[in-house]
Each structure stands twice: as C-alpha cells, then as structure tokens.
Amino acid sequence: STPEGQGQALFAEITCNACHTIDGSALVGPTLQGIFGRSEKMADGSELVVDDAYLVESILEPNAKIVEGFTPTMILPRQPTEDEVALLLAYLKTL
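Quick notes on the side chain of T31
Here is step 1 of the chain: Structurally, T31 can be placed in the loop between α1 (3-13) and β1 (39-41).
Here is step 2 of the chain: Looking at T31, its side chain comes within polar contact range of the main-chain nitrogen of G24, at 3.0 Å.
Here is step 3 of the chain: Sequence-distant contacts of T31, that is, excluding residues within four places in its chain, are made with T21, I22, D23, G24, S25 and R38.

Points about the packing of aromatic side chains
Here is step 1 of the chain: Counted by the stated rule, this structure contains 1 aromatic pair.
Here is step 2 of the chain: The cationic tip of K93 hangs over the ring face of F36; the distance from NZ or CZ to the ring centre is 4.8 Å.

Details of the pattern of salt bridges
Here is step 1 of the chain: Enumeration according to the criterion identifies 5 salt bridges in this entry.
Here is step 2 of the chain: A salt bridge links E13 to R78, with the shortest nitrogen-to-oxygen separation between them at 2.8 Å. Remark: R78 occurs in the loop between α2 (52-60) and α3 (82-92) and E13 occurs in helix α1; sequence separation between them is 65 residues.
Here is step 3 of the chain: Accessibility expressed as a relative area gives 51% for E13, which makes it exposed.
Here is step 4 of the chain: Residue class for R78 comes out partly exposed when judged on its relative accessible area of 31%.
Here is step 5 of the chain: Across the pair R38 and E40 runs a salt bridge, and its minimum N-O distance is 2.7 Å.
Here is step 6 of the chain: Judged by its relative accessible area of 11%, E40 is buried.

Digging into the environment of F70
Here is step 1 of the chain: Its location among the elements puts F70 in the loop between α2 and α3.
Here is step 2 of the chain: Judged by its relative accessible area of 22%, F70 is partly exposed.
Here is step 3 of the chain: For F70 and G34, which are 36 residues apart along the polypeptide, the C-alpha to C-alpha distance reads 18 Å.
Here is step 4 of the chain: Sequence-distant contacts of F70, defined by excluding residues within four places in its chain, comprise A26, L27, V28, G29 and P30.

Structural notes on the environment of R78
Here is step 1 of the chain: Each C-alpha atom, one on R78 and one on I14, is 7.3 Å from the other, the two residues being 64 residues apart in sequence.
Here is step 2 of the chain: At 2.8 Å, the side chain of R78 forms a polar contact with the side chain of E84.

What about the packing of α1 against α3?
Here is step 1 of the chain: Where α1 meets α3, the axes come as close as 7 Å, and the angle between the chain directions of the two elements is 105 degrees. Between α1 and α3, the angle is such that the two are roughly perpendicular. On the side of α1, the interface is formed by P3, E4, Q6, G7, Q8, L10 and F11, while α3 contributes E84, L87, L88, A90, Y91 and L92.
Here is step 2 of the chain: Taken together, the residues of the contact of α1 with α3 break down into 8 nonpolar, 3 polar and 2 charged.

Conventions adopted
- Just so you know, the residues in each chain are numbered from 1, in the order the chain's sequence is written.
- For this predicted model, a pLDDT threshold of at least 70 governs which residues receive local features, and a threshold of 80 or more governs which side-chain atom pairs are given and counted, while totals over whole chains, interfaces and linings are taken from all residues.
- Side-chain numbers here rest on the full set of heavy atoms in the structure, without hydrogens or water.
- Secondary structure counts use DSSP, requiring at least four H or I residues in a row for a helix and at least two E residues in a row for a strand, with both numbered from the N terminus.
- By the criterion applied in these results, polar contacts are pairs of N or O atoms within 3.5 Å in which, for protein atoms, one can donate a hydrogen and the other can accept it, and in which residues neighboring in sequence qualify only through two side-chain atoms.
- By definition, residues are in contact when any of their heavy atoms lie within 4.5 Å.
- Only Phe, Tyr and Trp rings take part, Trp by its six-membered ring, and two of them pair if their centres are within 6.5 Å. Stacked means planes under 30 degrees apart, edge-to-face means over 60, and tilted covers everything else.
- In this scheme, Lys NZ or Arg CZ marks a charge over a ring once it lies within 6 Å of the ring centre and within 35 degrees of the ring normal.
- Within this document, salt bridges are pairs made up of a side-chain nitrogen of Lys or Arg and a carboxyl oxygen of Asp or Glu, the two lying within 4 Å of each other.
- Under the scheme applied here, a residue whose accessible area is under 20% of the maximum for its type counts as buried, over 50% as exposed, and between as partly exposed, the area being computed with a 1.4 Å probe on protein chains only.
- Each axis is a line fitted through C-alpha atoms, and for a helix only the stretch in contact is used; angles between axes span 0 to 180 degrees, taken between their N-to-C directions.
- Oblique is the label for every angle not falling under 35 degrees (roughly parallel), over 145 degrees (roughly antiparallel), or within 65 to 115 degrees (roughly perpendicular).
- For this classification, Asp, Glu, Lys and Arg are treated as charged, while Ala, Val, Leu, Ile, Met, Phe, Trp, Tyr, Cys and Pro are nonpolar and the rest, including Gly, are polar.

Here it is in structure tokens:
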C-alpha cells in the first residue's frame, strides 16, 4: 500500500472524516478538498497558505490556529505518531 493509501485509511481510523469532508462541503470543520497550498483566513484575521508545517501543527495541536467561521472543537481520539502524521500529510496532499 502507498503512503497516500495508508494515510487515507488512517483518516478514517482516527475519524478525521467525522468532521472534515474531502468533497468541498463544510461540516464541523473546514473541508480538506484542495487543502494543500490553499490560502486560509484565520479567526484572528490573519491569512496563511496551507503547507506541511501548518498541517502538522493542525493535526498535533488542532486548536492552535482556527479557520475563520469555525470554532476550536477538534479533538483526536488518540495522538497520531510521527509516522502516522507523515502518512496523513501524504494523503491530504492528494485531495
């Protein structure tokens, strides 16, 4: 299985898909469709371009930066390992 495929399986296993879609629609959290390289406006008014560092921070410290229009409610059923974070990144970049 590819890193992307393993990341996709993890996305479901860690239940990211309970709050994030990959089809462009918003749920509790913003959609992850086209996430990598996308410009996002944050709740504090700042703007950033989604890169590896932002995605890693958002996975490990989900409430560090909140996208405008959303509330800081992300919780993880368990903390992913460093290897799992890398697999999730590989998958997210395919969206």
